[in-house]
Amino acid sequence: MSDTHAETDVATTRLAFVRNDFLKSEAPPVREGGLGHWLKVNLFATPKDTILTILMALFLAWILPPLLNWAFFSAVWDGSNREACLGEGRGACWAFVDAKFAQFMYGRYPIGERWRVDLTAVLLVLALVPMAIPSVPYKKFNAIFLLVVFPIIAFILLTGQFGLRPVRTDLWGGLLVTLVVAIVGIVVSLPLGVLLALGRRSHLPFVKYASIVFIEFWRGVPLITILFMSSVMLPLFLPDGVTFDKLLRALVGVAFFASAYMAEVIRGGLQAIPKGQYEAADAMGLSYWQKMRLIILPQALTMVIPGIVNTFIGLFKDTSLVLIIGIFDLLGIVQLNFADPNWAAPQTAITGFAFAALVYFIFCFGMSKYSLYMERRLDTSHR
């Protein structure tokens with residue numbers, strides 16, 4: 001009986017320890033709050049961090065006052081010509097940006113027809129925002145409208161069909177061209193990149209080597225060369241009387257170029273999937289496309305979200321290269337207006353470049369922050 005009681009006591013003691021450990025694990029961690037704690041942890045945790053924080057503070061104290069003075073306090077906000085921006089101590093010539101703002105947005109698109117560009121932008125926002133918010137329902141219908149219906153409506157509105165006044169693409173410019181090239185490249189490159197990545201890993205020799213040739217060719221040629229070939233060289237190989245729109249040729253070149261880079265990003269995600277996932281899908285009797293759609297691709301795409309968004313951001317900035325074939329995007333139309341003698345002032349050029357940089361930063365930073373949000377939302381790891 002004594003042995004039995006001893007075993008019971010040992011078991012009871014073990015249960016008590018397990019219970020205490022469980023309660024400790026369930027208890028919320030004690031957090032130290034306050035600004036002082038945050039500063040100590042993030043800025044002054046070690047002597048090295050303290051030195052770097054002090055150096056950065058000194059650098060900001062050196063650069064911020066003159067930058068703020070140039071951009072805001074000494075800047076010229078109103079004016080009708082260069083005279084407003086001339087003079088000693090004048091800062092940024094925002095009056096130039098205000099006077100040319102319409103051209104920066106629309107290029108030489110006819111003034112009376114610019115409502116069509118505005119309507120297209122509104123439809124894009126109305127379709128894109130619900131698609132980007134996970135809690136909004138009816139994602140399938142939203143995707144159909146965004147990827148199928150909206151491009152048709154945008155094409156009709158921007159080019160002029162069904163009774164609307166035709167507008168040639170050589171009149172397009174500014175942010176309109178930048179967004180058209182970037183959006184088309186992004187929308188085409190993602191699905192085409194997925195197909196190319198799957199094709200490169202295919203066991204069918206023709207599919208595999210055709211994908212490899214496509215990817216390596218477009219990755220091995222600079223985008224400037226692709227645009228130059230599409231604009232200058234391609235018409236030389238076409239029959240007499242056959243031609244394609246210059247902007248259309250640029251869109252095809254940019255889309256193929258981005259697809260090749262996207263394929264390699266996605267292929268990295270496919271290679272990171274454990275072999276057991278493929279075997280488990282095969283054991284369930286799933287077909288190849290079911291396996292990819294339901295098991296492999298969702299995991300692979302989640303892993304490479306940073307790489308995908310990085311490709312999108314690079315593509316958005318590379319749209320400025322279309323200037324070499326005579327298409328005036330945002331940066332191109334800004335540079336074109338530097339030649340206006342009515343606004344020839346020392347601060348005009350740097351102000352125009354600052355405005356273009358701000359626009360690029362807003363779009364690129366927005367894509368970056370949204371990708372971080374999606375990473376956090378799709379993160380299934382156990383920390």
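This is a predicted model, so every value here is computed, not measured. Residues take numbers from 1 onward in each chain, read along the sequence in its written order. Since the coordinates come from a predicted model, pLDDT governs what is reported: local features require at least 70, and pairs of side-chain atoms require 80 or more to be given and counted, while whole-chain, interface and lining totals use all residues. Excluded from the side-chain calculations are hydrogens and water; all other atoms, namely the structure's heavy atoms, are used.

Let's shift gears to the overall build of the chain. Of regular secondary structure, the chain possesses 15 helices and zero strands. C-alpha atoms define the radius of gyration, and 2.2 Å times the number of residues to the power 0.38 defines the globule rule. Its C-alpha atoms give the chain a radius of gyration of 29 Å, clearly above 21 Å, the size a compact globule of 383 residues would have. Each principal axis of the C-alpha distribution contributes one length, and for the chain these read about 105 × 60 × 40 Å. Expressed as a percentage of its 383 residues, the buried residues of the chain come to 34%. Contacts are residue-level and defined by heavy atoms, with any inter-residue pair within 4.5 Å sufficient. Put simply, of all contacts in the chain between residues at least 6 apart along the chain, 68% involve residues at least 24 apart. Per-residue accessibility takes into account occlusion by the displayed protein chains alone, with areas from the Shrake-Rupley method and a 1.4 Å probe. Roughly 23800 Å² of accessible area belongs to the chain as shown, and the carbon and sulfur atoms make up 69% of that amount. Counting 31 positive and 25 negative side-chain charges, the chain places the centres of these two groups 4 Å from one another. Put simply, DSSP marks the helices as runs of H or I at least four residues long and the strands as runs of E at least two long, and each gets a number from the N terminus on. To sort residues, take the accessible area from a 1.4 Å probe on protein chains only and compare it with the maximum for the residue type: under 20% means buried, over 50% means exposed, and anything in between is partly exposed. Charge convention: Lys and Arg are scored as positive, Asp and Glu as negative, and His as well as the terminal groups of each chain are ignored. A charged residue contributes its charge at one atom only: NZ of Lys, CZ of Arg, CG of Asp or CD of Glu.

What follows deals with the packing of aromatic side chains. Working definition: rings of Phe, Tyr and Trp (its six-membered ring) pair if their centres are within 6.5 Å, and the pair is stacked with planes under 30 degrees apart, edge-to-face with planes over 60 apart, and tilted otherwise. Summed over all chains, the structure comprises 22 aromatic pairs. Ring geometry for Phe59 versus Trp62: centroids 6.0 Å apart, planes at 50°, classification tilted. Of the two residues, Phe59 and Trp62 both sit in helix α3 (residues 47–73), three residues apart, roughly one turn of that helix. Here Phe59 falls in the partly exposed class, since its relative accessible area comes to 38%. Relative to Phe141, the ring of Tyr138 lies with its centre 6.4 Å away and its plane at 55°, an arrangement referred to as tilted. An aromatic cluster of at least three residues, connected via ring pairs, comprises Phe96, Phe101, Phe104, Phe338, Trp343, Phe353 and Phe355. Only when the NZ atom of a Lys or the CZ atom of an Arg is both within 6 Å of the ring centre and within 35 degrees of the ring normal do we say a charge sits over the ring. Here Lys208 stacks its cationic end above the ring of Tyr209, 6.0 Å away from the centre of that ring.

Glancing now at the nonpolar core. Ranked by size, the top nonpolar core spans 76 residues in total, and within it Phe104, Tyr109, Trp172, Leu270, Leu330 and Phe355 carry the most contacts. Not counting residues up to four positions away in its chain, the partners in contact with Leu270 are Ala197, Leu198, Arg201, Tyr278, Ile296, Leu297 and Ala300. Core analysis: the next-biggest nonpolar cluster, separate from the first, contains seven residues, Leu124, Ala127, Leu146 and Leu157 among them. Only buried Ala, Val, Leu, Ile, Met, Phe, Trp, Tyr and Cys residues count toward a nonpolar core, and they belong to the same one when joined by side-chain atoms within 4.5 Å.

What follows deals with the environment of Gln347. Looking at where Gln347 falls in the secondary structure, it is placed in the loop between α14 (330–336) and α15 (348–378). Gln347 sits 271 residues away from Val76 along the chain, and the two C-alpha atoms are 9.9 Å apart. With residues up to four places along the chain from it excluded, the contact list for Gln347 reads Trp70, Arg90, Gly91 and Cys93.

In this section: the pattern of salt bridges. When a carboxyl oxygen of Asp or Glu is within 4 Å of a side-chain nitrogen of Lys or Arg, the pair counts as a salt bridge. On inspection of all chains with the given rule, the structure shows 10 salt bridges. With a closest N to O distance of 3.9 Å, Glu264 and Arg219 form a salt bridge. Of this pair, Glu264 sits in helix α10 (residues 246–272) while Arg219 sits in helix α8 (residues 205–219), and the two are 45 residues apart along the sequence. Looking at Arg219, the relative accessible area reads 31%, which means it is partly exposed. For Asp282, the salt bridge identified is with Lys291, shortest N-O distance 3.1 Å. Salt bridges sharing partners connect three or more residues here, namely Arg200, Glu216, Arg219, Glu264 and Arg267.

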